[in-house]
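# Observations on chain architecture
For reference, the chains in residue letters:
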Amino acid sequence: MKPIVELSYLNAQNVDRYRCIMRCFYEHHQRLQYWLRPEEVYRGVLSYGLLENYTMEQCQQDLNQLVEWKNLVPQHDGGRSTTVEEYLRKKFRYMMTPYSVEIERLVVNLENIRGYGGSLEPSLFESIALSLQKMKELPPEITPQEALALWENIYETFTKLTENAADYIASLQSSKTEELMQTEAFLAYKNSVTGYLQGFVQGLQRHAYRIEGLLPLFQPEFLRDFFHKVRDALASRPQLDEPVTPEEYMHRLQTQWHSLNRWFLGEPGEKSDVYYLEQTTKDTIARIVRAALRIQERRRSGISRRRELDYLGQWFFSLTSIEEAHRLAAYAFGLYRCRHFQGEDDKDTESPDISMWQAGPNIRGLRSRSRKKGRSSGPDPVKSQHTRQQRARAEYLAQQQRQAELLQKFLAQGTVTISDLDTVPAATRQVLLSWIGLCLANKSRQIRTPDGIEISLLLPDHQQRTILHCEDGELDMPDYTLYFRPTGDQ
């Protein structure tokens, strides 16, 4: 948790001077020239052409500051001294510290980053599967060096697979890619990208499932012996700075094996990372296809169809019957887009033989969905509903009168059987069916009307059925019998 002093030169006040010096050291380090004298550093910094009026004294000050920040290691350079005075001046040469080498390597990599990069290579799955199969078939007399080489091959391939796949999927979900998917230039990449992703999914499905089947076959005793040999091979490498204990090696190897298992097999109650990678790749393919379809539809929407519509209009105009026009409309336009409205459907008839072209329209007023508020033209007058109310009241009273007359007629008969009825109007059928439904809903099969008339329903024997003849069609139904009698409440 301590601060990293070696990073100070990246954000210091004279960052341009320090960055040039450290880059000069790093380039010489890449050429295996580790020790540099101040004169060589000064010439290297001037060769960049980025610093004006830079002096040798400033270069020496910067070197001293970098030594203080632990970026450089000084060494007394007395080999060039010809006099005692020159030797006592303590001329130095400098070398980068390991921290500084890694920092500059990181900076160089950051400068070369262009997006996320990465790749999807199904061959890595195959390589892991083959290595695990080879590991499972290892003889007991395998040497530690062979065990180490095999394990490094497995884990390095696994690390490369996960990092490259994560970077490539992230690049496809970046904002830059989203912007590209909105342009027509994306159509040139669509087939190659989808083919690349589909090939990866196929390779994943072919080899990842094989890996999932191999991993549970490794017994704990086998893994313990195998990792002991890997640990011995690692411990045999001489470490001069800070040697790692065998326990630390073993803990690191067990952690790596657990990561490999969790990525392919998942945790209890959780899906594996390879499953999420497969789903993400499939979702990306679907997203690319949808984006390409949107671009193609947008391109088509700008094409004029005037000639096609004019030809179709002339075709309609040349037809001699409405039936032919209906058939042409069905072939040309298909089904119209459905719109769902809530409310009662005012049907003229219940007959299924009536075509939609013969039925009258149901007029519904639609409210505007525009967010723009219309200009107010002042207060609206209160419309009188008296005429509509009177008309509705008259229709209701007439309906009640017809129902009362029908009820008195049936009351005079006392008994009504469906099979004995002649052809009845549609209104009579609706009233009869409503009475039958109310009786069936009651356990006693009886109801009482507001006029105090009791209606009883008798179910037919042996499910006997009959045909109720109506003015607008025929209804196949059970042969019910209704009994009507007055009560004392009438």
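A brief look at the structure comes next. (Residues numbered from 1 in each chain as written. Predicted model: local features only at pLDDT ≥ 70, side-chain atom pairs only at ≥ 80, totals over all residues. Heavy atoms only, no water.)

### A closer look at the overall build of the protein chain
Summing up its helical and strand segments, the protein chain has 16 helices and eight strands in all. Residue burial in the protein chain is summarised as follows: out of 490 residues, 31% are buried. Counting only contacts in the protein chain whose residues sit at least 6 apart along the sequence, the fraction spanning at least 24 positions is 70%. Looking at the protein chain as shown, the accessible area adds up to about 34300 Å², and 51% of this sits on carbon and sulfur atoms. (Helix = DSSP H or I, 4+ residues; strand = E, 2+ residues; numbered from the N terminus. Buried < 20%, exposed > 50% of the residue type's maximum accessible area, 1.4 Å probe, protein only. Contact = heavy atoms within 4.5 Å. Areas by Shrake-Rupley, 256 points an atom, 1.4 Å probe, with all protein chains shown as cover.)

### With respect to the packing of aromatic side chains
Inspection of the entire model under this criterion finds 22 aromatic pairs. Between the aromatic rings of Trp263 and Phe264, the centroid separation amounts to 5.0 Å while the plane-to-plane angle is 75°, which identifies the pairing as edge-to-face. Classification of Trp263 as buried rests on a relative accessible area of 10%. One aromatic cluster in this structure is built from Phe125, Trp151, Tyr155, Phe158, Phe200, Phe218, Phe222, Phe226, Phe227, Trp257, Trp263 and Phe264. (Phe/Tyr/Trp six-rings, centres within 6.5 Å; stacked < 30°, edge-to-face > 60°.)

### Observations concerning the nonpolar core
In terms of nonpolar packing, the biggest core is built from 48 residues, with Phe125, Leu132, Met135, Phe226, Trp257 and Phe264 touching the most fellow members. Within the residue set of this core, elements represented by two or more residues are helix 6 (122-136), helix 7 (144-172), helix 9 (187-214), helix 10 (220-235), helix 11 (246-265) and helix 12 (273-301). The element contributing the most residues to this core is helix 7, with eleven residues. Those residues within four positions of Phe125 in sequence are excluded, and the remaining contacts are Leu161, Phe200, Leu204, His207, Ala208, Ile211, Trp263, Phe264, Val274 and Leu277. Ranked by size, the runner-up nonpolar core spans 25 residues in total, among them Leu36, Cys59, Leu66 and Trp69. (Core = buried A, V, L, I, M, F, W, Y, C linked by side-chain atoms within 4.5 Å.)

### Examining the sheet that holds strand 8 (residues 481-486)
Spatial ordering of the open sheet is given by 3-8-5-4, a layout of four strands whose pairing is antiparallel. For this open sheet the edge positions go to strand 3 (415-417) and strand 4 (446-448), each flanked by a neighbour on one side alone. The average undirected angle you get between the axes of adjacent strands in this sheet is 20°. In this sheet, strand 5 (residues 453-458) lies alongside strand 4 in antiparallel orientation, the contact comprising three bridges. Bridged to Gln446 within strand 5 is Ser456. Sheet contacts for helix 15 (residues 386-413): strand 3, strand 5 and strand 8; angle to strand 8, the most-contacted strand, approximately 95°. On top of the sheet, helix 16 (residues 426-441) reaches strand 4, strand 5 and strand 8; it is set at about 75° to strand 5, its chief contact. (Pairing = 2+ DSSP bridges. Axes fitted to C-alpha atoms, helices over the stretch in contact; angles between N-to-C directions.)

### Overview of the state of the cysteines
Per the counting criterion, the structure on display carries zero disulfides. Its sulfur unpaired, Cys24 is 8.6 Å from the next cysteine sulfur, which belongs to Cys59. (Disulfide = S-S within 2.5 Å.)

### Description of the pattern of salt bridges
All chains considered together, the criterion is met by ten salt bridges. Glu102 is the partner of Arg105 in a salt bridge, and the nearest nitrogen-oxygen pair spans 2.7 Å. Of the two residues, Arg105 and Glu102 are both situated in helix 5 (residues 98-111); the distance of three residues between them amounts to about one turn of the helix. Across the salt bridge formed by Arg465 and Asp476, the nearest N and O atoms sit 3.4 Å from each other. Taken together, the residues span a long stretch of sequence, with Arg465 in strand 6 (residues 465-470) and Asp476 in strand 7 (residues 473-478) at a distance of eleven residues. (Salt bridge = Lys/Arg side-chain N within 4 Å of Asp/Glu carboxyl O.)

### Structural notes on the side chain of Glu278
Structurally, Glu278 is set in helix 12. Glu278 sits in the buried class, given a relative accessible area of 6%. Among the polar contacts listed, one links the side chain of Glu278 to the side chain of Tyr209, at a separation of 3.2 Å. Not counting chain neighbours up to four residues away, the residues in contact with Glu278 comprise Leu204, Gln205 and Tyr209. (Polar contact = N/O pair within 3.5 Å; in protein donor to acceptor, adjacent residues only side chain to side chain.)

### Things to note about unusual backbone geometry
Even without a glycine there, the phi angle at Leu32 is positive, about 65°. Inspection of the secondary structure puts Leu32 in the loop between helix 1 (15-30) and helix 2 (38-48). Owing to a relative accessible area of 61%, Leu32 belongs among the exposed residues under this scheme. Positive phi, close to 60°, is recorded for Asn53, a residue that is not glycine. Inspection of the secondary structure assignment puts Asn53 in the loop between helix 2 and helix 3 (56-68).

### A look at the pairing of strand 7
Note that strand 6 and strand 7 share six bridges and pair antiparallel. Looking across to strand 7, one finds that Leu468 is bridged to Leu475.

### Quick word on the pairing of strand 8
In regular strands, side chains alternate between the two faces of the sheet. Across three bridges, strand 3 lies against strand 8 in antiparallel orientation. Pairing of Thr417 across the sheet is with Thr481, part of strand 8. Strand direction decides the pairing type here: strand 5 and strand 8, joined by six bridges, are antiparallel. Bridge pairing links Leu458 to Thr481 in strand 8.

### Quick notes on the environment of Lys282
Mapped onto the elements, Lys282 comes out in helix 12. Once you skip the residues sitting within four places of it in the chain, Lys282 turns out to touch Val201 and Gln205.

### Some points on the packing of helix 6 against helix 7
At a minimum axis distance of 9 Å, the contact between helix 6 and helix 7 shows a crossing angle of 155°. Accordingly, the angle class assigned to the pair helix 6 and helix 7 is roughly antiparallel. Seen from above, helix 6 lies across helix 7 with left-handed handedness. Contacts from Leu124, Phe125, Ser127, Ile128, Ser131, Leu132, Lys134 and Met135 of helix 6 reach helix 7 at Leu150, Asn153, Ile154, Thr157, Phe158, Lys160 and Leu161. Here the contact of helix 6 with helix 7 is built from residues that sort into nine nonpolar, four polar and two charged. (Parallel < 35°, antiparallel > 145°, perpendicular 65-115°, else oblique. Left-handed = near helix turned anticlockwise from the far one by under 90°. Nonpolar A, V, L, I, M, F, W, Y, C, P; charged D, E, K, R; others polar.)

In short, geometric facts, not functional conclusions.
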